[in-house]
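Breakdown of the fold
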Amino acid sequence: MKKEAENNKNQKHVLVYSDKLSGFDFGPAHPFKPMRARYMMELLSRYSLLNPKNQLVIAPEPIDENLLYLFHTREYIELLKRTEHGGFTLDMLKAGLGTEDNPIVPGIYDFCLTSAGGTHKGAEMLMGGAADVVFNPIGGFHHAGADHAEGFCYLNDCAVAIAEMLQKGKRIAYIDIDVHFGNGVRDAFASSREVLAVSIHESGSTIYPWTGFQNDIGVGAGKGYTVNIPLLQKSDDEVYLYAFESIVPPLVGAFKPDIVVAVIGADIHREDLLGHLSVTSFGYEKAVRIIREISPRLLATGGGGYNVYKTAALWTLAWAAICGLEPVDNYAGLVGGMMYGPETQSGTLHDKPFATSGDSKNECFEHAREVVAYLKKNVFPIHGL
Ligand SMILES: [Zn+2]
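On a predicted model such as this, the values are computed, not experimentally measured, just so you know. (Residues numbered from 1 in each chain as written. Predicted model: local features only at pLDDT ≥ 70, side-chain atom pairs only at ≥ 80, totals over all residues. Heavy atoms only, no water.)

Considering the coordination of the zinc ion
In plain terms, the rule: Water is not part of the atom set, so a site may look incomplete; the donors themselves are N, O and S atoms within 2.8 Å of the metal, or 3.2 Å for Na, K and Ca. A site with four donors is called tetrahedral when every donor-metal-donor angle falls between 85 and 135 degrees; four donors are called square planar, and six octahedral, when opposite donors sit more than 155 degrees apart and all other angles fall between 65 and 115; any other arrangement is irregular. Relative accessible area decides the class of each residue, using a 1.4 Å probe on protein chains only: under 20% of the type maximum gives buried, over 50% gives exposed, and in between gives partly exposed.
At the metal site, the zinc ion is ligated by Asp-178 (OD), Asp-178 (OD), His-180 (ND1) and Asp-267 (OD), and these contacts range over 1.9 to 2.8 Å. Coordination at the zinc ion comes from four donor atoms whose angles at the metal span 52 to 155°, giving a geometry best classed as irregular. For the zinc ion, the donor residues sit on a single chain with the sequence spacing D-x1-H-x86-D. On the accessibility criterion, His-180 (7% relative accessible area) is buried.

Structural notes on the pairing of strand β8 (residues 298–301)
Taken residue by residue, a regular strand's side chains alternate between the two faces of the sheet. Just so we agree on the cut-off: Put simply, DSSP H or I for four residues or longer makes a helix, DSSP E for two residues or longer makes a strand, and each gets a number counted from the N terminus. Should DSSP find at least two bridges between two strands, the strands are regarded as paired.
Residues of β8 alternate between two faces, with Leu-298 and Ala-300 on one and Leu-299 and Thr-301 on the opposite face, all of them buried. Bridging between strand β3 (residues 133–136) and β8 involves four bridges; their strand directions are parallel. In the sheet register, Phe-135 faces β8, and the bridge partner there is Ala-300. Judged from the four bridges that link them, strand β7 (residues 259–263) and β8 form a sheet pairing that is parallel.

Things to note about the side chain of Ser-115
Here is the rule we go by: Two residues form a contact once any of their heavy atoms are found within 4.5 Å.
Checked against the element boundaries, Ser-115 lands in helix α7 (residues 108–128). Not counting residues up to four positions away in its chain, the partners in contact with Ser-115 are Leu-21, Asn-136, Ile-138, Gly-139 and Phe-141.

Quick notes on the packing of aromatic side chains
Note the following rule: Stacked, edge-to-face and tilted labels apply to pairs of Phe, Tyr and Trp rings (six-membered ring for Trp) whose centres lie within 6.5 Å, assigned for plane angles under 30 degrees, over 60, and everything in between, in that order. As a reminder, the over-ring test applies to NZ of lysine and CZ of arginine, requiring each to be within 6 Å of the ring centre and within 35 degrees of the ring normal.
If you walk through the whole model with that rule in mind, you get 13 aromatic pairs. Measuring from ring centre to ring centre gives 5.6 Å for Phe-32 and Phe-141, while their planes differ by 55°; the resulting arrangement is tilted. Within this pair, whereas Phe-32 is found in the loop between α2 (19–22) and α3 (36–46), its partner Phe-141 is found in the loop between β3 and α8 (157–167), the two being separated by 109 residues in sequence. The exposure classification of Phe-32 matches that of Phe-141, with both residues buried. Aromatic pair Phe-135 and Trp-315: ring centres 6.1 Å apart, planes at 80°, arrangement edge-to-face. With Phe-135 in strand β3 and Trp-315 in helix α12 (residues 308–323), this pair connects stretches of sequence that are 180 residues apart. Taking NZ or CZ as reference, Arg-171 lies 3.9 Å from the ring centre of Phe-255, over its face. Above the face of the Phe-354 ring, Arg-270 is positioned so that its terminal group lies 3.5 Å from the ring centre.

Focus: the packing of helix α10 (residues 237–255) against helix α11 (residues 281–294)
Note the following rule: For helices, the fitted line uses only the C-alpha atoms of the stretch in contact; every axis is such a line through C-alpha atoms, and the angle between N-to-C directions lies from 0 to 180 degrees. An angle below 35 degrees is read as roughly parallel, one above 145 as roughly antiparallel, one from 65 to 115 as roughly perpendicular, and any other as oblique. Side-chain classes follow a simple rule in which Ala, Val, Leu, Ile, Met, Phe, Trp, Tyr, Cys and Pro form the nonpolar group, Asp, Glu, Lys and Arg form the charged group, and the remainder, Gly included, forms the polar group.
Remark: α10 packs on α11, axes separated minimally by 10 Å, with the N-to-C direction vectors making an angle of 5°. It follows that α10 is roughly parallel to α11 by the angle criterion. Contacts from Asp-237, Tyr-240, Leu-241, Phe-244, Glu-245, Val-248, Pro-249 and Val-252 in α10 reach Phe-282, Gly-283, Lys-286, Ala-287, Ile-290, Ile-291 and Ile-294 in α11. Here the contact of α10 with α11 is composed, by residue class, of eleven nonpolar, one polar and three charged.

Remarks on the sheet that holds strand β6 (residues 226–231)
Sheets are built from strands paired through backbone hydrogen bonds, the pairs being either parallel or antiparallel. Strands sit in the order β2-β1-β3-β8-β7-β4-β5-β6 across an open sheet of eight strands; the sheet is parallel. If you trace the sheet from one side to the other, it starts and ends with β2 (55–58) and β6, each paired once. The mean angle between the axes of side-by-side strands here comes to 15°, regardless of whether they run parallel or antiparallel. Examined bridge by bridge, strand β1 (residues 13–16) and β3 share three bridges and lie parallel to one another. Its bridge partner being in β3, His-13 is matched across the sheet by Val-133.

Brief notes about the nonpolar core
Cut-off, in case you're wondering: As used in this record, nonpolar core signifies buried Ala, Val, Leu, Ile, Met, Phe, Trp, Tyr and Cys residues forming a set joined through side-chain atoms within 4.5 Å.
Counting residues in each nonpolar core, the largest one holds 126 residues, and the members touching the most others are Phe-111, Ile-177, Ile-229, Tyr-240, Ile-264 and Tyr-284. If you tally residues by element for this core, the top one is α12, at eleven residues. In this view, Phe-111 contacts Leu-21, Phe-24, Phe-26, Phe-32, Pro-34, Ile-138 and Phe-141; residues no more than four positions away in its chain are not counted.

Focus: the pattern of salt bridges
Using the following cut-off: By convention in these notes, a salt bridge is any Lys or Arg side-chain nitrogen within 4 Å of a carboxyl oxygen on Asp or Glu.
Taken as a whole, this structure holds 14 salt bridges when the rule is applied. Linking Asp-329 and Arg-46 is a salt bridge whose minimum nitrogen-to-oxygen distance equals 3.0 Å. With Asp-329 in the loop between α12 and α13 (358–378) and Arg-46 in helix α3, this pair connects stretches of sequence that are 283 residues apart. Per residue, the accessibility class of Asp-329 equals that of Arg-46, and both read buried. Between Lys-81 and Glu-65 there is a salt bridge, and its shortest N-O distance comes to 3.0 Å.

Everything listed here is a matter of coordinates, which is why it stays silent on function.
Given below as C-alpha cells:
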C-alpha cells in the first residue's frame, strides 16, 4: 500500500477544465449539462483532491481543425462550421444537426473544438510522458459518426485522439463504461486490430443506440477487437462487476496497450435520468479503479451522466481513484447535504449500499453469464486466452 502511494506521488495527474466549457448551455430542456464539471471542481476542492504537487489543471484549447479529418469527413465539418454563421439548411438535418438531441446552439462549433482539444492535449501529454493520467470530464463524445452528429455528440474526440495516437505508433485500448454503447468509436475501428475497443453498457434492446450486442465482435481483420458487454436493465453492482471483471482485465492484459482511452460515463448510476442500470457509487468507483490498474497510461473522458449532482460526485470518486487519493471532507459537520443535492450526505460521496434480489436479479445474472460465456468462447481465443 505504501509503495502504491509512493508511485502515485511520482505520477503526473492532469485534469482538463475550464469554466468556459462547463458554462456552455444546451438549453433548459436538454439533458446534457456541462455544468456538472464545475460542481465536480467544487467537490474536488471540498474533498482535498486537488493537490498541486503532482497535479496540473489545464484549460483546453480548440483542436487544430486538420486533426478532425483523421476521423471526420470534410463535408461534415464544413456543415458544423456553417452552423456558427446562423441560418439552417436541410443538409444539416441529414447530418444530425438541428435535431432535438443535437441542437444548433450559438457557439456549438467552438464548444466542440475546445472539448476535442482537451482530449487531444491529453493524448499529446500522455505520449510525450508529461502525464500518466489525464481526465477530461467534458469529453467522451462517443456517439458522433464520421459524417454526422448523434446522441448529443457532434465531434468524436475519442476517435480523433485514438487515430492520432495510432499514427504515432501507439497501441491503444478503449474501455467504455458509459451506460450507452460507444457506437461511434466502434464504427471508427471495427475493422482494425490496432485498437481493442471494449464497451460495457445497458443492452441495446432497451436503450439508444439500440446496437452493441455481444455478437458484434468486429469486422474482417478486426474480428475479436471489438468487444461488447450488454447488460439487462436493473443490473446491480454485483452483476456489473462480475461481467466487467470477467472480460475487461484479461483482454486488456493480453492486448498490452501503451495507452488506454476510457469513457467513464456516470449514467450507469441507478439514479440516472436516462439509463436503467442499478449500479451504485461503489460499483462505479470499483470499475474506474480497475481501469486505472490495467492502464499503463490513462486518458479518461467524462461521457454521459444526467443526474447532475450524482455525476459530479461520481466523477469526484473517479478522480480520487485514478490518482490514488482518499477523499476527505473538509466541511463534514459544517455543511448539510442539500448543498450538492439531497442525496449527497455530508462526509461521504458514496451512496447507501444497494443490491437487487429475486427474479430480476437472477435474470440479470443469467444474461450476464451468457454474454461472458459467449465472449470467452468467441473472442478470448483470438487473444490467446
Ligand atoms: Zn451515455
